[in-house]
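A structural walkthrough
These are the residues of each chain, in order.
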Amino acid sequence: MKNKIFNIAAVLIAVIMFTTFNTAPAANANGFSAQNTGASSDLITVNKTVNSDIDINQVYAARFLNMLNHNYVYGDSFKSLENMINDSMPALLNLRDTENDSFIAEQYVSDYIFNMYGIEISDYSDINSEFGKLEGYVYILPRGYSIYKHEISSILQNEDGSFTVITNVEISSHDAEPYKDVCETLFVRNERSAFGFSIIHSNIGQKSSAV
């Protein structure tokens, strides 16, 4: 019964928190390009596939932007699974255990980490092991977090089929004034992900200007 509930919750996570797109569209034969026009709804150049009314560029851009606006993992955090899990917790706080809100079910964490980053977790024994343990759950570190709001500046399709996405990001920290910066993110295809892609790394550069 519990597994059935987890499966239903996983679907809800994909539908409510992630995206309405469930599979990645075919790559545009003419390539993928983007121009910064100063408005997020007008960033991508119109470049349609032959015999199709679907703007492939717009579909990709919407997918990438949706993932980035749900992403809390940046920089060196990608080098540690524990850091990735802890940094991802703000995206999952509404799924905390109702009886003990210091914990969240491992299945929810696994679904999120796989859909966002393509990583399958088989063992949680070393995750936050110095804190309280509850079978089948992950301890939520009590700490503040930042909110990231991205706008796409450019998208480049690489020779290996991956995508490098440059965004302007506004960062609102829990303990500092908001500021703007530039972020570079690498996406690769993942047909098993709810997004059709995985984030491999995402790096925020030097602060460029105050809000």
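Relevant structure appears above.
Everything quoted here is computed from the prediction, not taken from an experiment. (Residues numbered from 1 in each chain as written. Predicted model: local features only at pLDDT ≥ 70, side-chain atom pairs only at ≥ 80, totals over all residues. Heavy atoms only, no water.)

Our next topic: the overall build of the protein. Summing up its helical and strand segments, the protein has four helices and seven strands in all. Scanning the protein from its N terminus toward the C terminus, one meets helices and strands in the order α-α-α-β-α-β-β-β-β-β-β. Residue burial in the protein is summarised as follows: out of 211 residues, 45% are buried. Of all intrachain contacts in the protein linking residues separated by at least 6 positions in sequence, the fraction that spans at least 24 positions is 60%. Of the roughly 11400 Å² of accessible surface on the protein, a fraction of 49% belongs to carbon and sulfur atoms. (Helix = DSSP H or I, 4+ residues; strand = E, 2+ residues; numbered from the N terminus. Buried < 20%, exposed > 50% of the residue type's maximum accessible area, 1.4 Å probe, protein only. Contact = heavy atoms within 4.5 Å. Areas by Shrake-Rupley, 256 points an atom, 1.4 Å probe, with all protein chains shown as cover.)

Applying the stated criterion across every chain yields a total of 14 aromatic pairs. Ring geometry for Phe103 against Tyr139: centres 5.6 Å apart, planes inclined by 70°, an arrangement best described as edge-to-face. One end of the pair, Phe103, is in strand β1 (residues 103–105); the other, Tyr139, is in strand β2 (residues 137–139), and 36 residues separate them in sequence. For the pair Phe103 and Tyr139, one class covers both residues: buried. Grouping aromatic residues by their ring pairs yields a cluster made of Tyr60, Phe64, Phe163, Phe187 and Phe197. (Phe/Tyr/Trp six-rings, centres within 6.5 Å; stacked < 30°, edge-to-face > 60°.)

This part covers helix α4 (residues 106–117). Compared with the 16 Å implied by 1.5 Å per residue over 12 residues, the 16 Å span of α4 between its first and last C-alpha is a close match. A large share of α4 lies buried, amounting to 10 of its 12 residues. Residues of α4 that are buried: Tyr108, Val109, Ser110, Asp111, Tyr112, Ile113, Phe114, Asn115, Met116 and Tyr117. In the stretch just after α4, Gly118 is the one whose phi turns positive, near 75°. (Expected span 1.5 Å × (residues − 1).)

Moving on, we get to the side chain of Ser110. Its location among the elements puts Ser110 in helix α4. What makes Ser110 buried here is its relative accessible area of 17%. Every residue in contact with Ser110, bar those within four places of it in the chain, is listed here: Ile121 and Tyr124.

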